[in-house]
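# Observations on chain architecture
The chain contents come next:
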2 protein chains.
Amino acid sequence: MKIVVIGLGLIGGSMAKDLKFRFFADTIFGVDNNPVNAQLALDLKIVDEIVTLDEGIEKSDFIIIATPVNATISILPHILDKISNQIVTDLGSTKEKIVDSIKKHPKRKNFVASHPMAGTEFSGPAAAISGLFDGKTAILCDIENNHEHAVSLVKYMYNTLNMNIIEMSASSHDVHVAYVSHISHISSFALALTVMDIEEDEKNIFNLASGGFESTVRLAKSSADMWSPIFVQNNKNILTALNNYIDKLQELKILIKNHNINEIHNIIVKANRIGEILNK
Amino acid sequence: MKIVVIGLGLIGGSMAKDLKFRFFADTIFGVDNNPVNAQLALDLKIVDEIVTLDEGIEKSDFIIIATPVNATISILPHILDKISNQIVTDLGSTKEKIVDSIKKHPKRKNFVASHPMAGTEFSGPAAAISGLFDGKTAILCDIENNHEHAVSLVKYMYNTLNMNIIEMSASSHDVHVAYVSHISHISSFALALTVMDIEEDEKNIFNLASGGFESTVRLAKSSADMWSPIFVQNNKNILTALNNYIDKLQELKILIKNHNINEIHNIIVKANRIGEILNK
């Protein structure tokens, strides 16, 4: 099978690597609007050939959109205009606005909205790694709007990547990821900014970071190109999640202010349950 | 040298292990008010003998207090009452209230206030590991109030543990750790609670946690016994840090509400600088 990966960053690049190594694709075309990234992806043998978007669409059986979610919304209608029978999927961290943008398109059934929940805090083709998706979860959304063979192909791809596949509506997806992924990133960006504002001497941050700070701000290294459009597109759900999060911080603040050690203890014990849930 | 470690959890237990393996101590006595933990520390050969607090003080040349910080404040005056020439240190994550509690004690110069900045999210003697402190930073506070030989002994201990030693006042210590350690924990506890409140089906949290959530809530597994008294003792600095953190979250919330993608992008790029600082 010939495939094209549009967007050769961490996610698209990692996916291209394993889809080639694991014989899902025999030829991988790559599209990237940044010529430096495109050349790097070619040099790193992540893709076989760099092509334009239209060449990629024409030459491929399967089209994978791995761009930031704002770019996905701009190019997806164009891609669906150009395809004949090809199948298209995207890998973005928001789903509702994306499926809405092509809901009346005559080729709607060829586009499978998906989201592989995996990543690292790094970005660009040099960050692409084999095995990134193994054992993680991929979400397919609104598949009742797809051709069956389109869904089968996307499932086959995620099986090749050793992912657990779950299905849900695009709107539920966006609520869940607001809590489980998007506010984690916001809390991490905010924490990094707070500490950098206060600690004028960066040496202090470096010296003292072993106190748990490093893991909490790991996500603060994440790509601005990827995350800023996610926050805008999943606006409504993120604002609700963020309000709930700020409420919890305010509750803790009041307990700390009142020296209420017993209630703080109870709340920490409740929070500890997350360990059991994640180790299931 | 004979030493006693009071409190045989993650920190005390890990320290006892390396101080024995690396020949700092030839005999390690252990004190723990939880008999199950005490027996476990003995079975795991973390300590040579379990003794009472008073026996430990009497039999040892060097006394290490590795209890939660509220317990440290209750036992420290008693320990200083009982010692003759022994040196005492503590390992707690707050310093100002602890040094205040013994500032007029005739044996004040024998007590070196210290804080090894290392840990994991686990607790108890079974979580104790060799090498926990290697390459991390230990802070010594207010050492102008100590006998020189007391400071030398504590430095020798942290050198044995391969730690980088820095010195500062107890009050600066408490400001820095409020930012670099304590609010990381609060943000993590609050995030875990927010997600558990919303996601009624725990299976969803488990399935979706690969989206960066797991590293951000790692600290939410931390011990309530250890952390609740820290939040109360470092109250004043934590409230300031927490207010700054909530302000940052509110700023981001307004930008997200206003779909201000350019400013969100700028803010994320600013937050990304934490990566460079931590990799120095």
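Analysis parameters
- Counting starts from 1 at the beginning of each chain's written sequence and moves along it residue by residue.
- Note on labels: chains are lettered from A, ligands numbered from 1, in written order.
- The predicted nature of this model means local features are confined to residues of pLDDT at least 70 and side-chain atom pairs, given and counted, to a pLDDT of 80 or more, with totals for whole chains, interfaces and linings taken over all residues.
- The basis for every side-chain value is the complete set of heavy atoms in the structure, and neither hydrogens nor water enter the calculation.
- What sets the superposition is a least-squares fit of C-alpha atoms, and only residues with pLDDT of at least 70 in both copies go into it.
- Working rule for contacts: check all heavy atoms of both residues, and any pair within 4.5 Å makes them a contact.
- Basic side-chain nitrogens of Lys or Arg form a salt bridge, by our definition, when they fall within 4 Å of a carboxyl oxygen of Asp or Glu.
- Secondary structure follows DSSP: runs of H or I at least 4 residues long count as helices, runs of E at least 2 residues long count as strands, and numbering of each begins at the N terminus.
- When a residue's accessible area, from a 1.4 Å probe over protein chains only, is under 20% of the maximum for its type it is buried; when over 50% it is exposed; and in between it is partly exposed.
- Strand pairing follows a simple DSSP-based rule, namely that at least 2 bridges must link the two strands.
- Only centres within 6.5 Å qualify two rings of Phe, Tyr or Trp (six-membered ring in Trp) as a pair; their planes then separate them into stacked at under 30 degrees, edge-to-face at over 60, and tilted for everything else.
- Whenever a helix is involved, its axis is fitted only over the stretch in contact; in every case the axis is a line through C-alpha atoms, and angles between N-to-C directions fall within 0 to 180 degrees.
- Working rule for angles: under 35 degrees goes down as roughly parallel, over 145 as roughly antiparallel, 65 to 115 as roughly perpendicular, anything else as oblique.
- Each crossing gets its hand from how the near helix is turned against the far one by less than a right angle, where anticlockwise is left-handed and clockwise is right-handed.
- Side-chain classes are defined by residue name, with Ala, Val, Leu, Ile, Met, Phe, Trp, Tyr, Cys and Pro counting as nonpolar, Asp, Glu, Lys and Arg as charged, and the others, Gly among them, as polar.
- These domain limits were set by an automatic method or by a database of domain assignments.
- Values labelled buried area give the accessible surface lost by two parts on being combined, using a 1.4 Å probe and summing over both.

## Here's the deal with the relation of the copies chain B and chain A
- Between chain B and chain A, which share one sequence, the superposing operator has a rotation angle of 180° and an axial displacement of 0.0 Å; the RMSD is 0.0 Å. Look at the turn and shift together and you get a two-fold axis relating the two. Judged by C-alpha distance, T216 of chain B is the residue of chain B that lies nearest the rotation axis, at 2.3 Å.
- Both copies contact each other with a shared surface, as 100% of the interface residues of chain B are interface residues in chain A too.

## Some remarks on the pattern of salt bridges
All names here are of chain B.
- Counted under the stated rule, the structure contains 24 salt bridges over all chains.
- For K155, the salt bridge goes to E167, with nearest N and O atoms at 2.8 Å. Separated by twelve residues along the polypeptide, K155 in helix α6 (residues 148-160) and E167 in strand β8 (residues 164-168) bring together distant segments of the chain.
- We note a salt bridge from R273 to E276, for which the minimum N-O separation is 2.8 Å. Of this pair, R273 and E276 both sit in helix α12 (residues 261-278), three residues apart, roughly one helical turn.
- Owing to a relative accessible area of 30%, R273 belongs among the partly exposed residues under this scheme.

## A look at the sheet that holds strand β7 (residues 137-141) of chain B
Residues and elements named next belong to chain B.
- Taken in spatial order, the eight strands of this open sheet run β3-β2-β1-β4-β5-β6-β7-β8, and their pairing is mixed. Here the strands that pair on one side only, and so sit at the sheet edges, are β3 (49-50) and β8.
- Relative to strand β5 (residues 87-90), strand β4 (residues 62-65) is paired through four bridges, and the arrangement is parallel. Bridging across to β5, I65 finds its partner in D90.

## Observations concerning the packing of aromatic side chains
- Counted according to the given criterion, the structure contains eight aromatic pairs over all chains.
- For the pair F189 of chain B and F231 of chain B, a centre-to-centre distance of 6.2 Å together with 75° between the ring planes defines the contact as edge-to-face. Residue F189 of chain B is found in helix α7 (residues 170-198), and its partner F231 of chain B is found in helix α10 (residues 224-233); the two are separated by 42 residues along the sequence. Residue F189 of chain B shares its accessibility class with F231 of chain B, and that shared class is buried.
- When the centroid spacing of 5.7 Å and the interplanar angle of 45° are considered together, the rings of W227 of chain B and F231 of chain B count as tilted. In this pair, W227 of chain B and F231 of chain B are both assigned in helix α10, four residues apart and thus about one turn of the helix distant.
- With a relative accessible area of 0%, F231 of chain B lands in the buried category.
- Here the aromatic cluster, defined as three or more aromatic residues joined through ring pairs, consists of F24, F62 and Y156 of chain A.

## Observations regarding the packing of helix α7 (residues 170-198) of chain A against α7 of chain B
- The N-to-C vectors of α7 of chain A and α7 of chain B enclose an angle of 160°; their axes lie 11 Å apart at closest approach. Put simply, α7 of chain A runs roughly antiparallel to α7 of chain B. α7 of chain A and α7 of chain B meet at a crossing whose hand is right-handed. Only Y179, V180, I183, S184, S187, L191, T194, V195 and I198 of chain B of α7 of chain B make contact with α7 of chain A, whose side of the interface consists of Y179, V180, I183, S184, S187, L191, T194, V195 and I198 of chain A.
- Per-class residue counts for the contact of α7 of chain A with α7 of chain B are twelve nonpolar, six polar and no charged.

## Let's talk about the domain arrangement of chain A
Residues and elements named next belong to chain A.
- Assigned domains within chain A: domain 1 (2-168) and domain 2 (173-278).
- Taking only C-alpha atoms into account, the centre of domain 1 sits 30 Å from that of domain 2.
- Counting the surface lost from both domain 1 and domain 2, the interface buries some 1500 Å², and carbon and sulfur atoms represent 61% of this.
- The three residues of domain 1 that bury the most area against domain 2 are S93, T94 and E121, which together make up 38% of that side's buried surface.
- Across the contact surface, domain 1 and domain 2 share two salt bridges.
- A salt bridge links E121 to K221; the nearest nitrogen and oxygen atoms lie 4.0 Å apart.

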